[in-house]
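# Structural features, examined
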Amino acid sequence: SQVLPVNGTREALFSFTQAVIDRTKSPLVISPNPFYQIYEGAAYLAGAELKLLPCIEEHNFIPDYESVPESTWKRCQILFLCSPGNPTGSVTPLATLASLIKLADKYDFIIASDECYSEVYCDESDRPVGLLQACAQLGRNDFKRCVVFHSLSKRSNLPGLRSGFVAGDAEVLAKYLKYRTYHGCAMPVQHQLASIAAWD
């Protein structure tokens, strides 16, 4: 109930956004900038406005979440994260993830963490912390309002295989699975077998 295989994170990020955005509530999607183009297209095609948060050097190339006004958080339905970030390689600290989880609780939005670069980082002694790890350290084993996206593209150098998974809040994933029942397609058997070998 908390893990769903997908045909790569591109498909997943796009279709997930279509599945969870509520168009009746003037939706807003927040994204880091620079950003993976799917965040933008997914937001617009789901009928949402896109708010870009600059990733600049003075904030270690991580958005300055503290400068975001309350009025923006109130409209937010999805906050996209990317850590380690593309193209900067910046890693979102555990303390920042914890504060964002609290904001998601307060304003009732979903954190969608694109973690396809989770195993591409500079310091072997300081591995990036993922969003679900942050949840677990906070004792939130239901991963409420938190969803992560992983792919074999970067970690196993298999971008053409189109193989990944989404994991997190079971309630959110149930809604997404229902959408994918009609929208998504099954992964070819040979891709499944190759995926098993790569994930292992």
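Note: the structure precedes this text.
To keep things clear, this report deals only with the structure shown in the data block. Quick caveat, the model's predicted, so the values are computed rather than measured.

Of the regular secondary structure elements, the protein holds eight helices and seven strands. By the compact-globule yardstick of 16 Å for 200 residues, the protein fits well, its C-alpha radius of gyration being 16 Å. For the C-alpha atoms alone, the extent of the protein along its principal axes is close to 50 × 45 × 35 Å. Considering the protein as a whole, with its 200 residues, one finds that 48% of them fall into the buried category.

Taken as a whole, this structure holds eight salt bridges when the rule is applied. Among the ionic pairs, D105 bridges to R140, the shortest N-O distance being 2.6 Å. Of this pair, D105 sits in helix α4 (residues 94-107) while R140 sits in the loop between α5 (131-137) and β6 (146-151), placing them 35 residues apart in sequence. Exposure remark for D105: the relative accessible area of 31% places this residue in the partly exposed category.

In summary, soluble globular proteins display a tendency toward joint burial of nonpolar side chains. If you look at the biggest cluster of nonpolar residues, it comprises 29 residues, and the most contacted ones within it are F16, V29, I78, V147, F149, V166 and Y176. Elements that contribute at least two residues to this core include exactly β1 (3-6), α1 (8-20), α2 (37-45), β4 (76-82), β5 (110-114), β6 and α7 (170-183). Among the elements that take part in this core, α1 stands out by supplying five residues, more than any other. If near-sequence neighbours (up to four positions away) are discounted, V29 is found in contact with I21, A43, A48, E49, L50, K51, I78 and F80. Counting 25 residues, the second-largest nonpolar core is a separate cluster that includes L28, L53, L97 and F109.

Strand order in this open sheet of seven strands is β1-β7-β6-β5-β4-β2-β3, and the pairing throughout is mixed. Edge positions in the open sheet fall to β1 and β3 (49-54), since each of these has one partner strand only. Direction aside, neighbouring strands of the sheet carry axes that sit 20° apart on average. Examined bridge by bridge, β4 and β5 share five bridges and lie parallel to one another. What sits directly across from C82, in β5, is D114.

Next up on the list: the pairing of β3. The sheet contact formed by strand β2 (residues 28-33) and β3 spans six bridges and is parallel. Paired with S31 across the strands is L52, a residue of β3. Since β2 and β3 lie parallel, the crossover through α2 that links them has a hand, and here it is right-handed.

Turning to the side chain of D169, a few remarks are in order. Positionally, D169 belongs in the loop between β7 (164-168) and α7. One buried charged residue, D169, forms no salt bridge at all, with the nearest opposite charge on K144 at 4.3 Å. A distance of 2.8 Å separates the side chain of D169 from the backbone nitrogen of R145, its partner in a polar contact. Setting aside residues up to four positions removed in sequence, D169 forms contacts with D142, F143, K144, R145, C146 and V147.

So, on to unusual backbone geometry. Put simply, N33 and P34 share a cis peptide bond, and its omega is 10°. In this structure, P34 sits in the loop between β2 and α2. The omega torsion across S83 and P84 is -5°, close enough to zero to call that bond cis. Assignment of secondary structure puts P84 in the loop between β4 and α4. In this structure, S26 is a non-glycine residue whose phi angle is positive, near 45°. Within the fold, S26 resides in the loop between α1 and β2. When its relative accessible area of 44% is taken as the criterion, S26 is described as partly exposed. Its identity is not glycine, yet D108 carries a phi of approximately 60°, on the positive side. Examined against the element boundaries, D108 turns out to sit in the loop between α4 and β5.

Criteria and cut-off values
Residues numbered from 1 in each chain as written. Predicted model: local features only at pLDDT ≥ 70, side-chain atom pairs only at ≥ 80, totals over all residues. Heavy atoms only, no water. Helix = DSSP H or I, 4+ residues; strand = E, 2+ residues; numbered from the N terminus. Rg over C-alpha atoms; globule rule 2.2 N^0.38 Å. Buried < 20%, exposed > 50% of the residue type's maximum accessible area, 1.4 Å probe, protein only. Salt bridge = Lys/Arg side-chain N within 4 Å of Asp/Glu carboxyl O. Core = buried A, V, L, I, M, F, W, Y, C linked by side-chain atoms within 4.5 Å. Contact = heavy atoms within 4.5 Å. Pairing = 2+ DSSP bridges. Axes fitted to C-alpha atoms, helices over the stretch in contact; angles between N-to-C directions. Right-handed = clockwise from strand over helix to strand, strands pointing away. Lys, Arg positive; Asp, Glu negative; His and termini not counted. Polar contact = N/O pair within 3.5 Å; in protein donor to acceptor, adjacent residues only side chain to side chain.

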